[in-house]
Amino acid sequence: MPEKSLQVRHLYKLSLEMDGPPTTISAGPQGTRILVGASTGKFEGERLQGTVVAPGGDWVTQRADGSMKLDVRITLLTDDGATILVSYSGIGLVKDGALTTRCAPLFETGDERYAWLNNVQAVGVGGVSGTTVEYDIYELL
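Values in this document were obtained by computation on a predicted structure and should not be read as measured data.

Enquirer: Can you walk me through unusual backbone geometry in this structure?
Expert: With the exception of glycine, most residues fall at negative phi, and the peptide bonds are largely trans. Cis geometry is adopted by the peptide bond preceding Pro 55, which originates at Ala 54 and carries an omega value of 0°. Here Pro 55 lies in strand β3 (residues 49-62). Despite not being glycine, Asp 96 shows a phi value in the positive range, around 55°. Along the chain, the position of Asp 96 falls in the loop between β5 (83-95) and β6 (98-108). Classification of Asp 96 by relative accessible area gives exposed; the value is 84%.

In structure tokens:
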């Protein structure tokens with residue numbers, strides 16, 4: 001098989017606000033769980049824009065090595081009225097005192113205008129600033 005380079009197209013910039021303080025379940029068998037609500041925010045891109053609406057959240061697992069496993073589900077409402085479920089897993093690492101995140105979003109919608117998203121594998125890079133989580137989300141081509 002010939003070697004291929006990774007090609008991406010920017011889908012949108014996502015800004016999520018954490019809903020209040022997290023719930024922590026310490027020292028469970030999988031690690032420490034941190035449950036964070038995330039049901040407000042916005043996303044903006046060339047082909048997608050709108051707001052983040054409830055329900056949504058992140059079920060973080062704090063791992064023994066200090067990294068975090070992300071398990072996120074959020075609901076997007078486009079400016080033209082389509083509802084899109086986004087689910088992703090990923091990894092969070094603290095680098096130079098800041099939390100950086102990498103994720104792999106998948107999309108689900110029944111809206112024909114956005115049905116193309118149902119077959120997109122995306123990747124995201126981002127981080128946290130205060131109570132705001134920001135990602136740039138890219139479609140793998």
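Enquirer: How do you make sense of the nonpolar core when you look at a structure like this?
Expert: Nonpolar side chains in soluble globular proteins generally cluster together in the buried interior. Tyr 12 and Phe 107 are the most contacted members of the largest nonpolar core, which has 27 residues in total. Within the residue set of this core, elements represented by two or more residues are β1 (8-28), β2 (31-44), β3, β4 (68-78), β5, β6 and β8 (132-140). Top contributing element to this core by residue count: β4, with five residues. In this structure Phe 107 touches Leu 11, Tyr 12, Ile 84, Leu 85, Val 86, Leu 117, Asn 118, Val 120, Ala 122 and Ile 137, once residues within four positions along its chain are discounted.

Cut-offs used in this document
Residues numbered from 1 in each chain as written. Predicted model: local features only at pLDDT ≥ 70, side-chain atom pairs only at ≥ 80, totals over all residues. Heavy atoms only, no water. Helix = DSSP H or I, 4+ residues; strand = E, 2+ residues; numbered from the N terminus. Buried < 20%, exposed > 50% of the residue type's maximum accessible area, 1.4 Å probe, protein only. Core = buried A, V, L, I, M, F, W, Y, C linked by side-chain atoms within 4.5 Å. Contact = heavy atoms within 4.5 Å.

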